[in-house]
Amino acid sequence: MDARAPLSPQELERYARHIVLPEIGGAGQQRLKRTRVLVIGAGGLGAPVLQYLAAAGVGTLGIVDDDTVSLSNLQRQVIHDTACVGMPKLWSARASLERINPGVNVELHDLRIDADNARALVSHYDVTADGSDNFETRYAVADACAAERRPLVHASVGRFDGQLTVLMPGNDADGQPNPSYRDLFPEPPPAGLVPSCAEAGVLGALTGVVGTLQAMEVIKLITGIGEPLVGRLLLYDALAARFDTVRYRART
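Residues numbered from 1 in each chain as written. Predicted model: local features only at pLDDT ≥ 70, side-chain atom pairs only at ≥ 80, totals over all residues. Heavy atoms only, no water.

Asker: Can you tell me about the environment of Pro188, naming the residues and giving the values?
Answerer: Along the polypeptide, Pro188 turns up in the loop between α8 (181-184) and α9 (197-200). Judged by relative accessible area, Pro188 falls into the partly exposed class, the value being 42%. Separated by 52 residues in the primary sequence, Pro188 and Glu136 have C-alpha atoms spaced 7.9 Å apart. Dropping the residues within four chain positions of it, Pro188 is found in contact with Phe135 and Tyr139. (Helix = DSSP H or I, 4+ residues; strand = E, 2+ residues; numbered from the N terminus. Buried < 20%, exposed > 50% of the residue type's maximum accessible area, 1.4 Å probe, protein only. Contact = heavy atoms within 4.5 Å.)

What follows is the structure, encoded as structure tokens:
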């Protein structure tokens, strides 16, 4: 696929509901086609992010994951199915995305991202969406995106709660620096304080809600529509069906 080529007749039909939106139109759809998005993790959050970005026509999706599909994943990681148990998540995710939209280029990165390799990886993409499940990876990705001046859409979930924010390098409209991940979370919590999903559990549909919101923020960044969650942390309480927003700023 040539991301610079005009939209084909098939693409015009596929994305017709985008194109009739004045806020997106043909120009916005072309921007989606030209954009490269890196998704960290093909799990609970990564599944809806990848599926909706592929359906939206994002030209290139990079996936970082080094795990295989297990039966316990299937309650929430809807990009995989029962036949994929034991298969590398990268292979399963790629096959699913090709069924959704064969026009999207999928790049696979079979590795565990860390402080040593994160910067080189994110530098090859325009936007990163982090759906990782541990603080070491989150800090490595956030620091790399800040160093490479790449926007980052961060999300996390646990039990019945989720959170989402957008980290945008540079300054705001008033010339003040946008906050970073370390402004929001200066340092990781002590080991063992925050239980993993395997230890505490997570409602499967929660990852769909938060991951879909994450995909929405990526699309907003690419097309330049709306107000991204920069300097705002969106909190979702699934049991109360309540959204709250907390503002935060760069530390001085």
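Asker: Describe the packing of aromatic side chains, with residues and values.
Answerer: The tally for this structure, following the rule as stated, stands at 3 aromatic pairs. Each ring, one from Tyr181 and one from Phe185, has its centre 5.3 Å from the other, and the planes form 55°; the classification is tilted. Here Phe185 falls in the partly exposed class, since its relative accessible area comes to 22%. Ring centres 4.6 Å apart and planes at 25° place the aromatic pair Tyr236 and Phe243 in the stacked group. (Phe/Tyr/Trp six-rings, centres within 6.5 Å; stacked < 30°, edge-to-face > 60°.)

Asker: Can you break down the sheet that holds strand β3 (residues 105-109) residue by residue, with the values?
Answerer: Taking strand neighbours across the sheet as the criterion, the 8 strands line up as β3-β2-β1-β4-β5-β6-β7-β8 in an open arrangement whose pairing is mixed. Among the strands making up the open sheet, the edge pair consists of β3 and β8 (242-247). Direction aside, the axes of adjacent strands within the sheet are offset by 15° on average. Two elements, strand β6 (residues 161-167) and strand β7 (residues 232-237), share 4 bridges in a ladder whose sense is antiparallel. Across the sheet, residue Gln163 finds its bridge partner in β7, namely Leu235. In this fold helix α5 (residues 89-100) packs onto β2 (60-64) and β3, with an angle of close to 175° to the strand it touches most, β3. (Pairing = 2+ DSSP bridges. Axes fitted to C-alpha atoms, helices over the stretch in contact; angles between N-to-C directions.)

Asker: Describe the packing of helix α4 (residues 46-56) against helix α10 (residues 204-223), and please don't skip the residues or the numbers.
Answerer: One way to put it is that α4 packs onto α10 with a least axis distance of 8 Å and a crossing angle of 40°. When the interaxial angle is binned, α4 and α10 end up oblique. Relative to α10, the crossing made by α4 is right-handed. Residues Pro48, Val49, Tyr52, Leu53 and Ala56 of α4 form the contact with α10, whose participating residues are Thr207, Gly208, Gly211, Thr212, Gln214, Ala215, Val218 and Ile219. (Parallel < 35°, antiparallel > 145°, perpendicular 65-115°, else oblique. Left-handed = near helix turned anticlockwise from the far one by under 90°.)

Asker: Go over the pattern of salt bridges with me, naming the residues and quoting the values.
Answerer: The final tally for this structure, using the stated rule, is 10 salt bridges. Between Asp67 and Lys89 there is a salt bridge; the shortest N-O distance is 3.5 Å. Within this pair, whereas Asp67 is found in the loop between β2 and α5, its partner Lys89 is found in helix α5, the two being separated by 22 residues in sequence. The partner of Arg232 in a salt bridge is Glu227, and the shortest N-O contact between them spans 4.0 Å. (Salt bridge = Lys/Arg side-chain N within 4 Å of Asp/Glu carboxyl O.)

Asker: Can you break down the nonpolar core residue by residue, with the values?
Answerer: Of all hydrophobic cores here, the largest spans 38 residues; its most connected members are Val37, Leu50, Leu53, Leu61, Ile63, Leu97 and Val218. Top element by residues in this core is α10. It accounts for 7 residues. With 20 residues, the next largest nonpolar core counts Ile113, Val122, Ala142 and Cys145 among its residues. (Core = buried A, V, L, I, M, F, W, Y, C linked by side-chain atoms within 4.5 Å.)

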